[in-house]
Amino acid sequence: MTVSTDAVPAGAASPTRIPALNWGDAHRTTIQLRYGDLDAMGHVNNARYAEFLEVARMDLSRALEVRDADDRSVLARLELDYVRDIRLGQEVVIETLIERVGRTSWTGVARILADGVPCAFARSVQVRVDDQGLPAVIPPGFAERIAPVLVRAATL
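Residues numbered from 1 in each chain as written. Predicted model: local features only at pLDDT ≥ 70, side-chain atom pairs only at ≥ 80, totals over all residues. Heavy atoms only, no water.

Trainee: Explain the side chain of Thr104 to me, and be specific about the residues and the numbers.
Mentor: Mapped onto the elements of the fold, Thr104 is located in the loop between strand 3 (92-101) and strand 4 (105-114). In this structure Thr104 touches Gln126, Val127, Arg128, Pro135, Ala136, Val137 and Ile138, once residues within four positions along its chain are discounted. (Helix = DSSP H or I, 4+ residues; strand = E, 2+ residues; numbered from the N terminus. Contact = heavy atoms within 4.5 Å.)

Here it is in structure tokens:
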């Protein structure tokens, strides 16, 4: 899939690297920042971003009523592009879309916004596993359940 990037915000030092997707369809999770999320420089520590994304994945599963039996999965890959810092007092929202559903795995994309401004972009791959931790086929109906948050091809 070829994706374009959003325009560079006024005053930004570099392009945002946030793909222009159907973010209006995304599931939204609000993150409550805590003082402990900050590092010595006063911004959210980079490791917290992965934790925020985990919270968003769990929230998405609940919202789509994906039960544990249908979502016995492990995180196999996580990519994060940091674009801007986040500071205490900002409203942080994670927007999540599902990019692809395969036979045993699915790929999600997310953007982390602070006060409505994209601060990071993530892509994750989750693999469904069986009782022995081996890849297992995604159950029937899973793709239909997550259809509301699928990435859609851009219309020209």
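Once the structure has been displayed, the description carries forward.
Trainee: Describe the pairing of strand 5 (residues 117-128), naming the residues involved and giving the relevant values.
Mentor: Regular strands place their side chains on alternate faces of the sheet. Of all 12 residues in strand 5, 10 are buried; the element is thus mostly enclosed. As judged from the nine bridges shared by strand 2 (residues 73-82) and strand 5, these two strands associate in the antiparallel manner. Within strand 5, the residue paired with Leu75 across the bridge is Gln126. Sheet topology note: the strand 4/strand 5 ladder contains 10 bridges and is antiparallel. Across the sheet, the residue bridging to Val109 is Arg123, located in strand 5. Counting the residues between successive antiparallel strands, the hairpin from strand 4 to strand 5 contains two residues, one of them, Asp115, with a positive phi of roughly 50 degrees. (Buried < 20%, exposed > 50% of the residue type's maximum accessible area, 1.4 Å probe, protein only. Pairing = 2+ DSSP bridges.)

Trainee: Could you give an account of helix 1 (residues 46-63), naming the residues involved and the relevant values?
Mentor: Across its 18 residues, helix 1 extends 26 Å between first and last C-alpha, which sits within 8% of the 26 Å expected from 1.5 Å per residue. Regarding helix 1, the residues found buried are Tyr49, Phe52, Leu53, Ala56, Arg57, Asp59, Leu60 and Ser61. Where helix 1 is buried, its residues contact strand 1 (27-31), strand 2, strand 3, strand 4 and strand 5. Taking the backbone nitrogen of Ala47 as reference, a side-chain oxygen 2.8 Å away marks Asn45 as the first, capping residue of helix 1. Following helix 1 by one or two positions, Glu65 adopts a phi angle in the positive range, close to 55 degrees. (Expected span 1.5 Å × (residues − 1). Polar contact = N/O pair within 3.5 Å; in protein donor to acceptor, adjacent residues only side chain to side chain.)

Honestly, that's just the spatial picture; any functional story needs more than this.
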